[in-house]
Each structure stands twice: as C-alpha cells, then as structure tokens.
Amino acid sequence: MREFVLTAPGLPEKGTVYRRVAARGIIRRAGRLLLVHTDAGDYKFPGGGVEEGESLEAALAREIREETGRALRGGVRPYGLVRERRRGQTADILEMDSHYYFCQVEDQAAPLRLDQYEAEEHFQPVWATLEEALAANRANPGATPWVDREILVMEALQQDREI
C-alpha cells in the first residue's frame, strides 16, 4: 500500500487541531475514472469522512452512494493512504488521513444525496480519463482544499500504470 504525506506551507506551530479520517474510491471502467467534478473545474475521487462507529469500508460505500448515486459492487482493495496537514476551517489545523480503495460500482445510479456545501459547489459524478482530470486539477491549484491531495494520488496512479 502506498503512503503519502502532504503538508501545506505556513501552518502555525501551535493551535487547535481537527482530526479526520476519510475513505475514497478509485473506480475504473474502460480507461476512465468515476470522479466528482465541481464548479471550480477540478476533479476529486468520491468519498469523505468516516462517521463515529463506522468502518472505513462502510464510509466508502455510503460516500460513493451519496456523491455518485451508485452502490458498491464486490469487494474493495486498498491502494494508499494520504496523511494531510493543512489549514482548517473549524480549527487552526486539519489533520486528515484519507484511505484510497480500488472498487467497482453498479451501473444503475440513484439520485445524489449531497451535503449542503457539495450541492453549492454542484458536485457532479462524471467518467473522465486520468489525463483529463490531472490536467484540470493542475490548472486549478488551490481551487478547492482537496486539489493538491488528488493530484498526488492521480500522479501515483499514472506512475504505477494503474489506470
């Protein structure tokens, strides 16, 4: 399993810290990835925070269904972990561990169940090539808090020839 560390520059040495664990899906089909596209023009892997009492795999299934409308099909295979430190919104620093899994989804899509901020940013599930998503994210550094993290994972997938 790959492990990455991403630390934003200029973080305070002291301050409040919010810790979060997340699960994210790498969903491949016919040379494309099922990603979430936003109004900022970037692409992200579907997924999000693990709720209290929830396993990583249960969070992955829930988040993929909410953001893409699709149910997981079959098992999941771990790919990597990104340990991220960046400026927080509710605390001075956000420390987030994002666990990435290869997985498959059903063909049928149900209506999306987006959080308020996801709806405001018009999260839209799309099938895109790795090259297309990576180019868009590189062209929009800082467009969203997750762009640098997703670029890191996309570049690793490209290097590993996983897509």
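Structure: see above.
A short tour of the structure in this document, coming up. Going along each chain's sequence as written, the residues are numbered from 1 onward. With the structure being a predicted model, the display of local features is reserved for residues of pLDDT at least 70 and the display and counting of side-chain atom pairs for 80 or more, all residues being used for whole-chain, interface and lining totals. As a convention, hydrogens and water are excluded, and side-chain values are obtained from all of the structure's heavy atoms.

## Re the overall build of the chain
Okay, so step 1: Think of it this way: any DSSP run of H or I at least four residues long counts as a helix, any run of E at least two long counts as a strand, and we number them from the N terminus. A count of helical and extended segments in the chain gives 4 helices and 8 strands.
Okay, so step 2: What you see in the chain, going N to C, is helices and strands ordered as β-β-β-β-β-α-β-β-α-β-α-α.
Okay, so step 3: Here the C-alpha atoms of the chain give a radius of gyration of 15 Å, agreeing with the 15 Å that 2.2 N^0.38 yields for 163 residues.
Okay, so step 4: For the chain, buried positions account for 43% of its 163 residues.
Okay, so step 5: Considering only intrachain contacts with a sequence separation of at least 6, the fraction spanning at least 24 residues in the chain is 72%.
Okay, so step 6: Accessible area of the chain: about 8,500 Å², with a carbon and sulfur share of 47%. What the globule rule says is 2.2 Å times the number of residues to the power 0.38, and the radius of gyration is computed from C-alpha atoms. With a 1.4 Å probe rolled over the protein chains alone, any residue whose accessible area is under 20% of its type maximum counts as buried; one over 50% counts as exposed, and the rest are partly exposed. By definition, residues are in contact when any of their heavy atoms lie within 4.5 Å. Values of accessible area rely on a 1.4 Å probe in the Shrake-Rupley scheme; residue burial ignores everything except the protein chains shown.

## Quick notes on the environment of R83
Okay, so step 1: Position of R83 relative to the elements: it lies in strand β6 (residues 72-87).
Okay, so step 2: Taking C-alpha positions, R83 is 8.3 Å from T7, a pair spaced 76 residues apart along the chain.
Okay, so step 3: Setting aside residues up to four positions removed in sequence, R83 forms contacts with E3, F4, V5, L6, M96 and D97.
Okay, so step 4: For this analysis, a polar contact is any N or O atom pair within 3.5 Å, provided that within protein one partner can donate a hydrogen and the other can accept it, and provided that sequence-adjacent residues contribute only side-chain to side-chain pairs. Only 2.9 Å separates the side chain of R83 from the side chain of E3, close enough to count as a polar contact.
Okay, so step 5: A polar atom in the side chain of R83 sits 2.7 Å from the side chain of D97.

## Let's talk about the packing of aromatic side chains
Okay, so step 1: Classification of ring pairs rests on two measures: the distance between centres of Phe, Tyr or Trp rings, Trp counted by its six-membered ring, which must be within 6.5 Å, and the angle between planes, read as stacked under 30 degrees, edge-to-face over 60 and tilted in between. Enumeration according to the criterion identifies 4 aromatic pairs in this entry.
Okay, so step 2: The interplanar angle of 90° and the centroid separation of 5.6 Å between the aromatic rings of F45 and Y100 together place this pair among those described as edge-to-face. One end of the pair, F45, is in the loop between β4 (43-44) and β5 (47-49); the other, Y100, is in strand β7 (residues 93-105), with 55 residues separating them in the sequence.
Okay, so step 3: Here Y100 falls in the buried class, since its relative accessible area comes to 1%.
Okay, so step 4: Aromatic pair Y117 and F123: ring centres 5.9 Å apart, planes at 80°, arrangement edge-to-face.
Okay, so step 5: Through successive ring pairs, a cluster of aromatic residues spans Y117, F123 and W146.
Okay, so step 6: One cation-aromatic arrangement involves K44 over W146; the distance from NZ or CZ to the ring centre is 6.0 Å. Two limits define a charge over a ring: the Lys NZ or Arg CZ must be within 6 Å of the ring centre, and within 35 degrees of the ring normal.

## Considering the nonpolar core
Okay, so step 1: By nonpolar core is meant a set of buried Ala, Val, Leu, Ile, Met, Phe, Trp, Tyr and Cys residues that side-chain atoms within 4.5 Å join together. Membership of the largest hydrophobic core comes to 22 residues, with the highest contact counts inside it found for I26, L35, F45, Y79, M154 and L157.
Okay, so step 2: Those elements that place two or more of their residues in this core are β1 (2-7), β3 (32-37), β6, β7, α3 (130-139) and α4 (147-160).
Okay, so step 3: Listed in part, the 9 residues of the second largest apolar core include L34, Y101, C103 and V105.

## Here we look at the pattern of salt bridges
Okay, so step 1: For this analysis, a salt bridge means a side-chain nitrogen from Lys or Arg found within 4 Å of a carboxyl oxygen belonging to Asp or Glu. A complete count under the given rule lists 15 salt bridges for this structure.
Okay, so step 2: D160 serves as the salt-bridge partner of R2, at 2.8 Å between the closest nitrogen and oxygen. Within this pair, whereas R2 is found in strand β1, its partner D160 is found in helix α4, the two being separated by 158 residues in sequence.
Okay, so step 3: With its nearest N and O atoms 3.4 Å apart, the salt bridge here joins R62 to E66. In this pair, R62 and E66 both sit in helix α1 (residues 56-68), 4 residues apart, roughly one turn of the helix. The two residues R62 and E66 agree in class, both being buried.

## Comments concerning the environment of R113
Okay, so step 1: For R113, the position within the fold is in the loop between β7 and α2 (116-120).
Okay, so step 2: Taking the C-alpha atoms as reference points, R113 and D160, separated by 47 residues in sequence, lie 33 Å from one another.

## Some words on unusual backbone geometry
Okay, so step 1: Its identity is not glycine, yet A30 carries a phi of approximately 50°, on the positive side.
Okay, so step 2: By secondary structure assignment, the location of A30 is in the loop between β2 (17-29) and β3.
Okay, so step 3: Note on A30: relative accessible area 79%, which makes it exposed.
Okay, so step 4: Located in the positive-phi region is H122, a residue other than glycine, with phi close to 55°.
Okay, so step 5: We classify H122 as partly exposed; its relative accessible area is 48%.

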